[in-house]
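Working through the structure, step by step
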Amino acid sequence: MKINEALQSQQITATKQGVGTAAAGIDFQRLLAGELQKALAGQPVQEAAGVVAAPQAAPAVRLEGLAATEETIGTLDAFAGALEDRRFSAEALEPFVSALEENTVSLLAVKNQLPAADPLASVLERVATVAYLESAKYRRGDYSA
């Protein structure tokens, strides 16, 4: 018996909340309809404060950056494989290091054409940094011993 009384009180409470929600829903619908009419009438939309359109780089520059990144990562992989292979002498690693130096220059050249806030610019800089460090280690003599 007590369970039925508890359920009936919950249903009554839920019904009372539903009536209030329906009244609030009508106001929202009117508000939404008014805003929709304003938008259709061609009134200018307010821009968010502090939002600035970032300058975009040309797609060709972005593709060049991606291609240079892939080439550099491939060269780094080949260099890592050559380092693991004991048959390569320190002098035999020179072509890999020269390619890494050229890749670093091309990565930085593309990076300089991109806006500073471009995420691709940070990727290019990171890959160029790794390529430079590996070539600098070789030039310093870390791999000659």
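Residues numbered from 1 in each chain as written. Predicted model: local features only at pLDDT ≥ 70, side-chain atom pairs only at ≥ 80, totals over all residues. Heavy atoms only, no water.

Things to note about the overall build of the protein chain
In terms of helices and strands, the protein chain carries four helices and zero strands. Reading the secondary structure of the protein chain in the N-to-C direction produces α-α-α-α. Across the 145 residues of the protein chain, 21% fall into the buried class. For the protein chain, the share of sequence-separated contacts (at least 6 apart) that also reach a separation of at least 24 residues comes to 70%. (Helix = DSSP H or I, 4+ residues; strand = E, 2+ residues; numbered from the N terminus. Buried < 20%, exposed > 50% of the residue type's maximum accessible area, 1.4 Å probe, protein only. Contact = heavy atoms within 4.5 Å.)

Regarding the nonpolar core
In terms of nonpolar packing, the biggest core is built from 11 residues, these being A57, V61, A68, L107, V110, L114, L120, A121, L124, V127 and A128. Top contributing element to this core by residue count: helix α4 (residues 119-140), with five residues. Residues in contact with L107, not counting those within four places in the same chain, are G65, A68, T69, T72, L124, V127 and A128. Counting residues in each nonpolar core, the second largest holds eight residues, with L76, A82, A131 and Y138 among its members. (Core = buried A, V, L, I, M, F, W, Y, C linked by side-chain atoms within 4.5 Å.)

Things to note about the environment of S106
Tracing the sequence through the fold places S106 in helix α3 (residues 94-111). Overall, the relative accessible area of 29% leaves S106 in the partly exposed class. Taking the C-alpha atoms as reference points, S106 and A128, 22 residues apart in sequence, are found 8.8 Å from one another.

Section: the packing of helix α2 (residues 59-84) against α4
Taken N-terminus to C-terminus, the directions of α2 and α4 make an angle of 30°; their axes are 10 Å apart at the nearest point. It follows that α2 is roughly parallel to α4 by the angle criterion. In terms of crossing hand, the pair formed by α2 and α4 is left-handed. On α4, the residues that touch R62, G65, L66, T69, T72, I73, L76 and F79 of α2 are L120, V123, L124, V127, V130, A131 and E134. Looking at side-chain class alone, the contact of α2 with α4 contains 10 nonpolar, three polar and two charged residues. (Axes fitted to C-alpha atoms, helices over the stretch in contact; angles between N-to-C directions. Parallel < 35°, antiparallel > 145°, perpendicular 65-115°, else oblique. Left-handed = near helix turned anticlockwise from the far one by under 90°. Nonpolar A, V, L, I, M, F, W, Y, C, P; charged D, E, K, R; others polar.)

Thoughts on a nonpolar patch on the surface
Judged by side-chain polarity, F28, L31 and L32 come together as a nonpolar surface patch covering roughly 330 Å² of accessible area. Note on placement: F28 falls in helix α1 (residues 2-41). (Patch = residues over 30% accessible without salt bridge, like charges linked within 9 Å, V, L, I, M, F, W, Y side chains within 5 Å. Areas by Shrake-Rupley, 256 points an atom, 1.4 Å probe, with all protein chains shown as cover. Salt bridge = Lys/Arg side-chain N within 4 Å of Asp/Glu carboxyl O.)

Remarks on the confidence of the model for the protein chain
Fine structural detail should not be taken from predicted coordinates in areas where pLDDT scores are low. When pLDDT is averaged along the protein chain, the result is 80; 72% of the residues meet or exceed 70. Model confidence for the protein chain, summarised as mean pLDDT per element, is weakest for α1 at 62 and strongest for α3 at 96. (pLDDT = per-residue confidence, 0-100.)

Description of the packing of aromatic side chains
Following the criterion strictly, the structure yields three aromatic pairs and no others. Where F79 meets F96, the ring centres are 6.3 Å apart and the plane angle is 45°; that geometry is what we call tilted. Of this pair, F79 sits in helix α2 while F96 sits in helix α3, and the two are 17 residues apart along the sequence. The rings of F79, F88, F96 and Y143 are connected pair by pair, giving a single aromatic cluster. (Phe/Tyr/Trp six-rings, centres within 6.5 Å; stacked < 30°, edge-to-face > 60°.)

Regarding the packing of α3 against α4
Running from amino to carboxyl end, α3 crosses α4 at an angle of 150°, the nearest separation of the two axes being 9 Å. On the basis of the axis angle, α3 is roughly antiparallel to α4. You can see that α3 and α4 cross each other, and the crossing is left-handed. Of α4, the residues touching α3 (which contributes E94, V97, S98, L100, E101, T104, L107, L108, V110 and K111) are A121, L124, E125, V127, A128, A131, Y132, E134, S135, Y138 and R139. By residue class, the composition of the contact of α3 with α4 is 12 nonpolar, three polar and six charged.

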